Amino acid sequence: MQVIENFPLKNLNTFGVAANAAWYVDIRDEEDLGALFSQDRWKNCPRLVLGGGSNMLFTSDFSGLIVHVKIQGIRYEVKGDDVFVTAGGGVVWNDLVNFCVENSFAGIENLSLIPGSVGAAPVQNIGAYGVELQDIFHSCRAFEIASGRIRVFEKEDCGFSYRDSVFKSALKGLYIITEVSFKLSKIFKPELTYGAIGDELQKRGITKPNIKDLSTVVSHIRVSKLPDPATIGNAGSFFKNPVIPETQFLKLKSDFPEIVHFPATNGYIKISAGWLIEHCGWKGKVVGNTGTWKNQALVLVNHGNATGDEIFKFSESIIESVNAKFGILLEREVNIF
Ligand code: EPU
């Protein structure tokens, strides 16, 4: 383990924006973390834990230490119909999904092709196509920076909610997730509530999908809607879908009867942020080096040489216009540095 000075981050964030870190270190195992944080210098330094860099926007150079978690390894244990799969925090999320799909370990297939790393997945409780990480999460190991100890978090310790967890709120910056365990099943129960999945299966003439079919169809839907970060810089959904009280929703619906919405928990309604942004005229718009994606207005893109600051300012314009038209303040899903 070696701390490197003045490290370029352009290839380490899926927006592909240029920024430098004052210091950078690769972490290969829990012992590396112990050794690093036994030094007061790093314990007290501003730091950022990096996984796949798929949910962050650098608006300037980072004046602290980037801790890049690269802990590898996937193992599993079968207990009756349950399969407990454990992966290192640095495993590429989709490599884990493919491993499970190949082995017919069910439950994770709707989360196919999400960019990012296993260790970052619980932090924002990733989700797509009717499944959230919390539905399959069993536990995780995390390194406590202050004490140098490993703590095991069970599901109930993690405070999961829509794109949120304790690692993003109450315990932000205090722990580094080193490995995550998932409770999957040998019995495949397809989650088909997301409309486009059924449509795509029908198109392919598949009436009884297997786990591989579902993974393929989900991947196809993602590719058709979302830009590939390898070719167009982006960080997936830039904003969260806002959740508003039903009374506010009913008022909005009388002004905008077409508003796309979904039921949320008691008395609240989730509104499609993509629809709000599109109906402010932003869908597919190119502004300088940035813009929104032509097939999904919720995704902000880097058309080439955008700076993080340019993308951030563009997101401010979107927030302002959505607020002016609909009275809803969008919240960013992407972390800003
Ligand atoms: N819509 C529009 N215009 C748009 C985009 C969406 O009108 O430009 C409307 C359409 O009616 C569409 C509906 O909104 O049917 C929902 O759109 P979509 O299925 O693309 O889902 P989303 O709510 O925009 C969320 C997640 C995605 C996830 C998809 C599928 C958030 C913030 N985003 O997007 O997650 O893949 O559902 O489950 O919850 C991510 O977090 O980075 C991400 C990509």
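Parameters and conventions
- Residues numbered from 1 in each chain as written.
- Predicted model: local features only at pLDDT ≥ 70, side-chain atom pairs only at ≥ 80, totals over all residues.
- Heavy atoms only, no water.
- Helix = DSSP H or I, 4+ residues; strand = E, 2+ residues; numbered from the N terminus.
- Rg over C-alpha atoms; globule rule 2.2 N^0.38 Å.
- Buried < 20%, exposed > 50% of the residue type's maximum accessible area, 1.4 Å probe, protein only.
- Contact = heavy atoms within 4.5 Å.
- Areas by Shrake-Rupley, 256 points an atom, 1.4 Å probe, with all protein chains shown as cover.
- Lys, Arg positive; Asp, Glu negative; His and termini not counted.
- Charge placed at Lys NZ, Arg CZ, Asp CG, Glu CD.
- Expected span 1.5 Å × (residues − 1).
- Arc of directions from axis to C-beta.
- Pairing = 2+ DSSP bridges.
- Axes fitted to C-alpha atoms, helices over the stretch in contact; angles between N-to-C directions.
- Parallel < 35°, antiparallel > 145°, perpendicular 65-115°, else oblique.
- Left-handed = near helix turned anticlockwise from the far one by under 90°.
- Polar contact = N/O pair within 3.5 Å; in protein donor to acceptor, adjacent residues only side chain to side chain.
- Core = buried A, V, L, I, M, F, W, Y, C linked by side-chain atoms within 4.5 Å.
- Near = heavy atom within 4 Å.
- Nonpolar A, V, L, I, M, F, W, Y, C, P; charged D, E, K, R; others polar.

What follows covers the overall build of the chain. Across its full length, the chain carries 8 helices and 20 strands. The C-alpha atoms of the chain give 20 Å as radius of gyration, which agrees with the globular expectation for 337 residues (20 Å, within 12%). Expressed as a percentage of its 337 residues, the buried residues of the chain come to 47%. Taking all contacts inside the chain whose residues are at least 6 apart in sequence as the whole, residues at least 24 apart take part in 59%. By element, 50% of the accessible surface of the chain is carried by carbon and sulfur atoms, the whole surface being about 15,700 Å². One way to put it: in the chain the 34 positive side-chain charges average out to a point 2 Å from where the 37 negative ones average out.

With that settled, consider helix 8 (residues 308-326). Residue pairs spaced three or four apart in an α-helix point in one direction, given the helix's 3.6 residues per turn. Its 19 residues give helix 8 an end-to-end C-alpha distance of 27 Å, which sits within 8% of 27 Å, the value for a rise of 1.5 Å per residue. Within the span of helix 8, buried status applies to Gly-308, Ile-311, Phe-314, Ser-315, Ile-318, Ile-319, Val-322 and Phe-326. Seen end-on, helix 8 carries its buried residues on one side only, within an arc spanning 145 degrees. Counted as exposed and oriented over 90 degrees from the buried face of helix 8: Lys-313, Glu-320 and Ala-324. Next to the buried residues of helix 8 lie strand 4 (56-57), helix 6 (246-255), helix 7 (273-278), strand 17 (286-287), strand 18 (290-293) and strand 19 (296-302). Directly after helix 8, the chain includes Gly-327, whose backbone phi takes a positive value near 70 degrees.

The strands making up a sheet associate through hydrogen bonds between their backbones, and the pairing can be parallel or antiparallel. With antiparallel pairing, 4 strands are arranged side by side in an open sheet as 13-19-18-17. Taken across any chain shown, the strands that pair with only one partner, and hence form the sheet edges, are strand 13 (233-237) and strand 17. Of the pairings in the sheet, the one linking strand 17 to strand 18 comprises 2 bridges and is antiparallel in character. Within strand 18, the residue paired with Val-287 across the bridge is Thr-290. Set on the sheet, helix 8 makes contact with strand 17, strand 18 and strand 19; between it and strand 18 the angle comes to about 55 degrees.

This part is about the packing of helix 3 (residues 93-102) against helix 5 (residues 211-225). Angle between the axes and distance between the axes are the two parameters that describe a pair of packed helices. At their nearest, the axes of helix 3 and helix 5 sit 9 Å apart, and the two run at 150 degrees to each other. By the angle between their directions, the pair helix 3 and helix 5 is classed as roughly antiparallel. With respect to the hand of their crossing, helix 3 and helix 5 are arranged in left-handed fashion. Of helix 5, the residues touching helix 3 (which contributes Cys-100, Val-101 and Glu-102) are Ile-211, Lys-212 and Ser-215.

Turning our attention to the side chain of Asn-302. Relative to the helices and strands, Asn-302 is located in strand 19. A polar side-chain atom of Asn-302 sits 2.9 Å from the main-chain amide nitrogen of Ala-306. Discounting residues that sit within four places of it in the chain, Asn-302 has contacts with Phe-15, Gly-16, Val-17, Ile-232, Gly-233, Asn-289 and Ile-311.

So, on to the sheet that holds strand 16 (residues 268-271). With antiparallel pairing, 3 strands are arranged side by side in an open sheet as 14-16-15. Looking at which strands have only one partner, the edges of the open sheet turn out to be strand 14 (243-245) and strand 15 (261-263). For this sheet the average axis-to-axis angle between neighbouring strands, irrespective of direction, equals 35 degrees. The sheet contact formed by strand 14 and strand 16 spans 3 bridges and is antiparallel. Each residue of the ladder has a partner; that of Ile-244, found in strand 16, is Ile-269. Helix 6 rests against strand 14, strand 15 and strand 16 of the sheet, and its axis sits at about 95 degrees to strand 14.

Okay, the nonpolar core next. The tendency in soluble globular proteins is for nonpolar side chains to be buried as a group. Trp-93, Leu-96 and Phe-182 are the most contacted members of the largest nonpolar core, which has 43 residues in total. Those elements that provide at least two residues to this core are strand 7 (82-88), helix 3, strand 10 (137-144), strand 12 (175-185), helix 4 (195-203) and helix 5. Beyond its immediate sequence surroundings of up to four residues, Trp-93 is in contact with Ile-108, Leu-111, Ile-114, Gly-116, Ser-117, Val-118, Ala-121, Ile-126, Leu-133 and Phe-182. Formed by 42 residues, the second largest nonpolar core is a distinct cluster that contains Leu-9, Leu-57, Ile-269 and Ile-271.

To continue, consider the site of the ligand. Every one of the 23 residues lining the ligand counts as a neighbour, but Tyr-129, Tyr-162, Tyr-194, Glu-278 and Gln-296 are closest to it. One nitrogen or oxygen atom from the side chain of Tyr-194 is found 2.3 Å from an oxygen atom belonging to the ligand. The side chain of Lys-225 places a nitrogen or oxygen atom 3.1 Å from an oxygen atom of the ligand. Where the shell around the ligand is concerned, the elements lending two or more residues are strand 8 (127-128), helix 5, strand 13, helix 7 and strand 19. For the shell around the ligand, a count of residues per class yields 9 nonpolar, 7 polar and 7 charged.

Remember that the coordinates give geometry; whether it matters functionally is a separate question.
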